[in-house]
There are 2 protein chains.
Amino acid sequence: VSLRHLGEFSFIERIAKRVSVRDSVPIGIGDDAAATIPQVGSVSLTSTDMLVEGVHFDLSYVDPWSLGYKSLAVNLSDIAAMGGTPRYFLLSLAIPPALSIPFLDAFMDGMMALAGTYDVPLVGGDTCASKVGLVIAVTVVGEQQLARVVKRKGALVGDSVLVTGALGGSALGLALLQRGEEGDSTKRHLQPAPRVEAGHLLAESGLVNAMIDVSDGLLADLGHILRQSGVGASLRLADIPLPSQFWQQVSKIGLSDPYRLPLAGGEDYELLFTVSPQNRDAIVEILTTIDVPVSVIGEITETGLVVSAPDGTPYPITVTGFDHFAADPEDY
Amino acid sequence: VSLRHLGEFSFIERIAKRVSVRDSVPIGIGDDAAATIPQVGSVSLTSTDMLVEGVHFDLSYVDPWSLGYKSLAVNLSDIAAMGGTPRYFLLSLAIPPALSIPFLDAFMDGMMALAGTYDVPLVGGDTCASKVGLVIAVTVVGEQQLARVVKRKGALVGDSVLVTGALGGSALGLALLQRGEEGDSTKRHLQPAPRVEAGHLLAESGLVNAMIDVSDGLLADLGHILRQSGVGASLRLADIPLPSQFWQQVSKIGLSDPYRLPLAGGEDYELLFTVSPQNRDAIVEILTTIDVPVSVIGEITETGLVVSAPDGTPYPITVTGFDHFAADPEDY
């Protein structure tokens, strides 16, 4: 059975049946627009991302469940990076007519599983045919008090630079998948966990000066903080947290410089943020309560970006992360 | 100059420069999410639409200015159909790397021209490469008091069925464009005017029982009202408003049944709504104050959908409008 036989409106009704009714969403799927009740005293935080077949994912090694999960995860991660609580989301799909209903069901299963974890209902969207591959656009709306929202701008000279979890696992996992290999890192690429609780707690602490999620790569995303804050940074490669079994798995794919994975790999969806050194211990304590590892990887400086190799020498910065339109995309 | 040379972040900065700062948007383009201040006492109305090259538009006859204009117009129309006031929007683009900067500038010019008309700022979005043609996703957020919002559900037996403006012009314009012809109707297809003021005034009147915008075609969109309201309708073909010079232009393209254009053509973005007969004159008066034509085209009945031909005989309903995944799409 394909969408061609099921039809567009039946497919939308099929999705609508999966969504539970709630008071904060007086009008959900099935009208011209969704109506939602904003929380008094909060701002709305809205983020949208588009995932395009052949650019963001390759159906030959991404299973539909993971694809659905990840399409929502990347947007929840943006809300987390502002310190917000995600409230609801919209989904637009351009679907090749031959795509099977079991594929779409598994896709929706993965997406709704993550939506359930954070109690974020699907309230609307758009469905159309595609002659050119699957395209997924998700919009997530979250909330937070404006004074609590953490921006990219705000890093201060002397701040410590911290990151949750580990970096490089997603890029490593992708490289393994592309070679038909399995490993601990493949799940990091396929089903990245958005740091929703961590982002919210960090914002509530009032101690974080600037924050972003690592989607384009550590150097590129830190670059956004530095540019918007008008500061520089110095990082220590030896302190960058790597996923377990990183070196063993890296050896399978034979990279000339494995550090490119954490520095420029992207899609780790960890939180990268800066705090005054005197607040560092408090931050570590807060994140420990929810079992989120955190590492101090460097300091904010007046200008420039310097990375020290483990032996103390300057590490040459030849990669800056992912630019979709780069003339010479880095291959790693 | 192409995006390949300009780069993704330069392109986003180029867009950001076009957007003015305002109090209701404390955080706009350039962070992980946009922050907007909702109006106290209103619900948020959120609508999203995706436009895919080769499905929704063909770059061989749609100019980039019109494409930008229309991509926003179709979403503003959804907010209008709920009776809301549009407040801000997000734009996601998947762009073939070879697409020219002048094309993208003209696209943004068209979009921002319409955004300026309704004072709706662009607050965020996503930009990525596409290997498979241009894909545009727009999300618009509007506001209205919940009690004023007009849903698809709510049509009552005995209601009059009304529609603003004229129907069939967009489909006629598309047919002319596909044949390389010009006509009054081509602009209706390329630059449909969303009925934002009309939708808002109709909602404020408190007199409208159900409303939708005509995007998939009169019969399909009326079908949504009927199904959700649990009622039927009877329409008079002779009362359906047609654009000026409809019959002259139709003669150029040689259709076996020109009524398919207003009934199933879609993309007219007029407002279709039902009111109690005793409120009909008040509605006409309200819309006259803003120079929006309105026609009574039928009545709500208990069940079924009947269309009368101009000679009074039943018109056979063989078309129901646009389903993106229909096994046998209608060709007209």
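Residues numbered from 1 in each chain as written. Chains lettered and ligands numbered in written order. Predicted model: local features only at pLDDT ≥ 70, side-chain atom pairs only at ≥ 80, totals over all residues. Heavy atoms only, no water.

Student: Outline the interface of chain B and chain A, listing residues and values.
Tutor: Taken together, the 70 residues of chain B in the interface contact 71 residues of chain A. When chain B packs against chain A, the two sides together hide about 5,600 Å² of surface, and 61% of this comes from carbon and sulfur. Put simply, chain B and chain A have four salt bridges between them. In this structure, B:Asp31 and A:Arg152 form a salt bridge, with 3.8 Å as the shortest nitrogen-oxygen distance. At the surface where chain B touches chain A, the tally comes to 17 residue pairs in polar contact (both at pLDDT 80 or more). Of the residues forming the side of chain B that touches chain A, the biggest block, nine residues, is contributed by strand β2 (residues 43–52) of chain B. Classifying every residue of the side of chain B that touches chain A by side-chain character gives 37 nonpolar, 18 polar and 15 charged. Note: strand β2 (residues 43–52) of chain A against strand β1 (residues 34–36) of chain B, three bridges, orientation antiparallel. (Contact = heavy atoms within 4.5 Å. Buried area = accessible area lost by both parts, 1.4 Å probe. Salt bridge = Lys/Arg side-chain N within 4 Å of Asp/Glu carboxyl O. Polar contact = N/O pair within 3.5 Å; in protein donor to acceptor, adjacent residues only side chain to side chain. Helix = DSSP H or I, 4+ residues; strand = E, 2+ residues; numbered from the N terminus. Nonpolar A, V, L, I, M, F, W, Y, C, P; charged D, E, K, R; others polar. Pairing = 2+ DSSP bridges.)

Student: Please set out the state of the cysteines residue by residue, giving values where relevant.
Tutor: Overall, the coordinates contain zero disulfides over all chains when judged by the stated rule. As a non-bridged cysteine, A:Cys128 has B:Cys128 as the owner of its nearest cysteine sulfur, 15 Å distant. The buried category is assigned to B:Cys128, whose relative accessible area is 1%. (Disulfide = S-S within 2.5 Å. Buried < 20%, exposed > 50% of the residue type's maximum accessible area, 1.4 Å probe, protein only.)

Student: An account of the sheet that holds strand β5 (residues 135–144) of chain B is needed here, citing residue identities and associated values.
Tutor: Read from one edge of the open sheet, five strands run β1(A)-β2(B)-β5(B)-β3(B)-β4(B), paired in mixed fashion. Only two strands of the sheet have a single partner each, and these edge strands are β1 (34–36) of chain A together with β4 (122–129) of chain B. The average angle at which neighbouring strand axes cross in this sheet is 20°, direction not considered. Strands β3 (85–95), β4 and β5 of chain B of the sheet are contacted by helix α4 (residues 101–117) of chain B, whose axis makes an angle of about 170° with β3(B). (Axes fitted to C-alpha atoms, helices over the stretch in contact; angles between N-to-C directions.)

Student: Give a description of the pattern of salt bridges that names residues and reports values.
Tutor: Across all of its chains, the model carries 20 salt bridges over all chains by this definition. The salt bridge involving B:Arg236 is made with B:Asp239; its shortest N-O contact spans 2.5 Å. Judged by its relative accessible area of 26%, B:Arg236 falls in the partly exposed class. Beyond isolated ion pairs, a larger network of salt bridges with shared partners links A:Asp31, A:Asp32 and B:Arg152.

Student: Let's hear about the sheet that holds β1(B): which residues, and what values?
Tutor: Across the sheet, which stays open at both edges, the five strands sit in the order β4(A)-β3(A)-β5(A)-β2(A)-β1(B) with mixed pairing between neighbours. In this open sheet, the two edge strands, each paired with only one partner strand, are β4 (122–129) of chain A together with β1 of chain B. Within this sheet the neighbouring strands show an average axis-to-axis angle of 20°, counted without direction. Examined bridge by bridge, β2(A) and strand β5 (residues 135–144) of chain A share 10 bridges and lie antiparallel to one another. For A:Val52, the partnering residue across the bridge sits in β5(A) and is A:Val135. Sheet contacts for helix α3 (residues 64–82) of chain A: β2, β3 (85–95) and β5 of chain A; angle to β2(A), the most-contacted strand, approximately 145°.

Student: Describe in detail the packing of helix α7 (residues 196–205) of chain B against helix α11 (residues 280–289) of chain B, supporting the description with residues and values.
Tutor: All names here are of chain B. Between α7 and α11, the shortest axis-to-axis distance is 10 Å and the interhelical angle comes to 145°. Relative to α11, the crossing made by α7 is right-handed. Counted together, Ala-198, Leu-201, Leu-202 and Ser-205 of α7 and Ile-283, Ile-286, Leu-287 and Thr-289 of α11 form the full contact between these two elements. For the contact of α7 with α11, a count of residues per class yields six nonpolar, two polar and no charged. (Left-handed = near helix turned anticlockwise from the far one by under 90°.)

Student: Tell me what's going on with the packing of aromatic side chains, and back it up with residues and numbers.
Tutor: Residue and element names in this part refer to chain A. Tallied over the full model, the rule gives eight aromatic pairs over all chains. Relative to Tyr-69, the ring of Trp-65 lies with its centre 5.8 Å away and its plane at 20°, an arrangement referred to as stacked. One end of the pair is Trp-65 and the other is Tyr-69, both in helix α3 and four residues apart, which spans about a single turn. Centroid distance Trp-247 to Tyr-259: 5.6 Å. Interplanar angle 80°. Geometry classified as edge-to-face. A residue pair is termed long-range when its members are at least 10 positions apart, and Trp-247 in helix α9 (residues 246–253) and Tyr-259 in the loop between α9 and α10 (260–264) qualify at 12 residues. Given a relative accessible area of 42%, Trp-247 falls into the partly exposed group. Taking relative accessible area as the criterion, Tyr-259 reaches 16% and is therefore assigned buried. An aromatic cluster is present here, built from Phe-246, Trp-247, Tyr-259 and Tyr-315 joined pairwise through their rings. (Phe/Tyr/Trp six-rings, centres within 6.5 Å; stacked < 30°, edge-to-face > 60°.)

Student: Report on the relation of the copies chain B and chain A, specifying residues and quantitative values.
Tutor: The two copies are related by a screw motion: chain B maps onto chain A through a turn of 180° and a shift of 0.0 Å along the axis, at an RMSD of 0.0 Å. One copy is carried onto the other by what is essentially a two-fold rotation axis. By C-alpha distance to the rotation axis, the residue of chain B lying nearest is B:Val132, at 2.6 Å. A share of 100% of interface residues in chain B that are also interface residues in chain A marks the association as one of identical surfaces. (Least-squares fit on C-alpha atoms with pLDDT ≥ 70 in both.)

Student: I'd like a description of the side chain of B:Gln249, backed by residues and values.
Tutor: Residue and element names in this part refer to chain B. Within the secondary structure layout, Gln-249 lies in helix α9 (residues 246–253). On the basis of relative accessible area, Gln-249 is assigned to the buried category, the value being 4%. Residues within four places of Gln-249 in sequence aside, it is in contact with Leu-172, Leu-176, Gly-183, Asp-184, Ser-185 and Ser-244.

Student: Give me the packing of helix α5 (residues 169–178) of chain A against α9(A): which residues, what numbers.
Tutor: Residues and elements named next belong to chain A. Running from N to C, α5 and α9 point in directions that differ by 40°, and their axes come no closer than 10 Å. Helix-helix and strand crossings are classified by hand; for α5 and α9 the assignment is left-handed. In this structure, α5 contributes Leu-172, Ala-175 and Leu-176 to the contact, and α9 contributes Phe-246, Gln-249, Val-250, Lys-252 and Ile-253. Of the residues belonging to the contact of α5 with α9, the class tally is six nonpolar, one polar and one charged.

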